[in-house]
Amino acid sequence: MADHMQQFKALKRESSSDAPGDPERFRRVELTHTEMMAQGDAMSRTLATTAEAVQRIAGEIAARPLRRVVITGCGDSWIAGIGVRLAYERLLGVPCEPYEAFDLEQYGLDLVDDGTLMIGLSSSGNTAPVSASLKATIAQGGYAVALTNTATSAMMRDFPSALLIQATRGGWPTQSSTAAMALLIALALAIAKAKGLGEAKAPGLAADLAALPAVMDAVATGFYDKAKALGVELARSDMMLLAGAGPHLAPAAFGAAKLKELAPIHAIAFPLEEYHHYRTQKAGDPLFLIAPDQASRQRALETAIVGKGVEGHTIALVPEGETDFGPYCAHVWHLPPVRIELAPLVYSVPLHLFGYHVTKARDALGLGAPRLGGLAA
């Protein structure tokens, strides 16, 4: 047992605990609050300070063959790739694969060649599988771009095509993830322009990206009190579900990550369609249903109908003007209109807010991590 505990301490990465009121966890909870309320500023600074480097990198990529884009990272860095995949495929016309970094290093590097653009994300800039995959890409003739928000990191030193995200991550990731996504989309736009593709498949995306920081801040302010009230309502929930289709799986996964990190409770994010292939939602289960676009609207509405039928507690995040979800949901949150390529960033914000507020509400009740299955404390 002593040997096991030594191994556990060596492998455990998080310094805080799941105990009620753990001071280290709540120190980071409050830092998360500060960072999540400044996402627009982080995004603006990132786009402004990297603009020249993005143009240089785009020109270098445009001069090469491009048959595949891989975006790799761990945790929220991997999720960011899921959120921007559609933008890359529409702008560049090649497959884009968000690849979890450990899996990529162990199983996926054999297919990397001179037509591969590998983009590696690591907030710390020291994530070993990310760096290993970027180095392997260069060795195998591909082009590697590193993104990090740590200026002194190994990734900034080791890779000539490294971009610095102007965001902090003293708490759990919020602005470091959304600013990274904005930068990723800016890079895709620059590559498309350098290749002579323009914005044919995503007209107006550059202008909408430039306007996005103000939208992010408006959503953070506008949903603050709603998220706080819902946090109090659901404070005793031990487990929550989150679902979205296509790029909207990203905000679902971000939301689940915040609940697991901050609250700390069980949370599961999954693709929207998978809800219907299992007995997913039980009576009383909270489900956050993310449906920003017409492509997923009907299936999301059917999900809300099923949720009502099984006596679930569904919260729908939908665009302004959407009225059909109301009869089937406990709450409907209406977000400002936003194009599909940018919706994953905007729809993440209310879920960040909820993760923070439900954590505070649980703490007021003296709740830490749940123990399921009747295990003794």
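Numbers given to residues run from 1 along each chain, matching the order in which its sequence is written. For this predicted model, a pLDDT threshold of at least 70 governs which residues receive local features, and a threshold of 80 or more governs which side-chain atom pairs are given and counted, while totals over whole chains, interfaces and linings are taken from all residues. In computing side-chain properties, one takes all heavy atoms of the structure into account and sets aside hydrogens as well as water.

Enquirer: Looking at this model, I keep getting lost on the side chain of Ser348. Mind explaining?
Expert: Each helix corresponds to a stretch of at least 4 residues labelled H or I by DSSP, and each strand to a stretch of at least 2 residues labelled E; elements are numbered beginning at the N terminus. Here Ser348 is to be found in helix H13 (residues 343-364). We call two residues contacting when some pair of their heavy atoms lies within 4.5 Å. Apart from the residues within four sequence positions on either side, Ser348 is in contact with Pro251 and Phe254.

Enquirer: Quick question: what am I supposed to make of the pairing of strand S3 (residues 116-121) here?
Expert: Along any regular strand, the residues point their side chains to alternate faces of the sheet. Here S3 lies mainly inside the structure; 6 of its 6 residues are buried. Using a 1.4 Å probe on the protein chains alone, a residue whose accessible area is under 20% of its type maximum counts as buried, one over 50% counts as exposed, and one in between counts as partly exposed. Both faces of S3 are covered, namely the face carrying Thr116, Met118 and Gly120 and the face carrying Leu117, Ile119 and Leu121. For two strands to pair, DSSP has to find at least two bridges joining them. When S3 meets strand S4 (residues 143-148), the two strands line up parallel, connected through 5 bridges. Bridge pairing in S4 links Ile119 to Val145.

Enquirer: Explain the packing of aromatic side chains here, please?
Expert: Within a pair of aromatic rings, the relevant descriptors are the distance that separates the centres and the angle that separates the planes. Under the pairing criterion, centres of Phe, Tyr and Trp rings, with the six-membered ring standing for Trp, must be within 6.5 Å; the plane angle then separates stacked pairs below 30 degrees from edge-to-face pairs above 60, leaving the rest tilted. For the coordinates displayed, the defined rule picks out 2 aromatic pairs. Aromatic pair Phe223 and Trp333: ring centres 5.7 Å apart, planes at 55°, arrangement tilted. Of the two residues, Phe223 is situated in the loop between helix H9 (205-222) and helix H10 (224-233) and Trp333 in strand S10 (residues 331-335); the sequence distance between them amounts to 110 residues. Exposure class is identical for Phe223 and Trp333. Each is buried.

Enquirer: Help me understand H13, please; the structure alone is not making it clear to me.
Expert: Residues spaced three or four apart along an α-helix point in a common direction, a consequence of the helix completing one turn every 3.6 residues. Given a helix with a known number of residues, its expected span is that number minus one, times 1.5 Å. Its 22 residues give H13 an end-to-end C-alpha distance of 33 Å, which sits within 8% of 32 Å, the value for a rise of 1.5 Å per residue. In terms of burial, H13 is a largely internal element, 19 of the 22 residues being buried.

Enquirer: Hey, could you run me through the sheet that holds S3 in this one?
Expert: For sheets, the rule is that strands pair by backbone hydrogen bonds, running either parallel or antiparallel. In spatial order, the strands read S2-S1-S3-S4-S5; together these 5 strands make up an open sheet with parallel pairing. Every other strand in the sheet has two partners, leaving strand S2 (96-100) and strand S5 (162-164) as the edge strands with one partner each. Each adjacent strand pair in this sheet contributes to an overall mean axis angle of 20°, direction not counted. The strands touched by helix H3 (residues 39-62) are S3, S4 and S5; relative to S5, the strand with the most contacts, the crossing angle is about 165°. Where helix H4 (residues 76-92) meets the sheet, its contacts fall on strand S1 (68-73), S2 and S3, and the angle it forms with S2 comes to roughly 170°. Between N-to-C directions, angles cover 0 to 180 degrees, with each direction set by a line fitted to C-alpha atoms, over the stretch in contact for helices.

Enquirer: Sorry if this is basic, but what is going on with helix H11 (residues 249-262) here?
Expert: Given a rise of 1.5 Å per residue, 14 residues ought to cover 20 Å, and the 20 Å separating the end C-alpha atoms of H11 matches this to within 8%. Here H11 lies mainly inside the structure; 12 of its 14 residues are buried. Those residues of H11 not exposed but buried are Leu249, Ala250, Pro251, Ala252, Ala253, Phe254, Gly255, Ala256, Ala257, Lys258, Leu259 and Leu262.

Enquirer: What is the right way to read the state of the cysteines from this model?
Expert: Linking two cysteines covalently through their sulfur atoms gives a disulfide. The term disulfide is used for any two cysteine sulfur atoms that are within 2.5 Å. On inspection of all chains with the given rule, the structure shows 0 disulfides. There is no disulfide at Cys96, and the cysteine sulfur nearest it, in Cys74, is 17 Å away.

Enquirer: In this structure, what is going on with the side chain of Thr359? I would like to understand it.
Expert: By the element assignment, Thr359 lies in helix H13. Contacts of Thr359, omitting those with residues within four sequence positions, involve Arg25, Phe26, Val29, Leu262 and Ala263.

Enquirer: Where do I start with the pairing of strand S9 (residues 313-319) in this structure?
Expert: Counting buried residues along S9, 5 of its 7 residues qualify, which places the element largely inside the surrounding structure. Where strand S8 (residues 286-290) lies against S9, 5 bridges are found, and the strand directions are parallel. The residue bridging Leu289 from the neighbouring strand is Ala316, located in S9. Direction of pairing for S9 relative to S10: parallel, over a ladder of 5 bridges. Looking at the pairing, Ala316 lines up with Val332 of S10.

Enquirer: How should the sheet that holds S8 be read in this particular structure?
Expert: Reading across the sheet, the 5 strands line up as S7-S6-S8-S9-S10 and stay open at both edges, with parallel pairing between neighbours. Of all the strands in the sheet, the pair left with one neighbour each is strand S7 (266-271) and S10. Adjacent strand axes in the sheet meet at a mean angle of 15°, parallel and antiparallel pairs treated alike. Direction of pairing for strand S6 (residues 239-244) relative to S8: parallel, over a ladder of 4 bridges. Across the sheet, Ala243 pairs through a bridge with Leu289, a residue of S8. On top of the sheet, H13 reaches S6, S8, S9 and S10; it is set at about 145° to S9, its chief contact.

Enquirer: Looking at this model, I keep getting lost on the environment of Gly81. Mind explaining?
Expert: Relative to the helices and strands, Gly81 is located in helix H4. You can call Gly81 buried: its relative accessible area is 0%. In sequence terms Gly81 and Gly120 are 39 residues apart; their C-alpha atoms lie 9.5 Å from each other. Excluding its chain neighbours within four sequence positions, the residues that come into contact with Gly81 are Ile71 and Pro98.

Keep in mind these numbers describe shape, not what the thing actually does.
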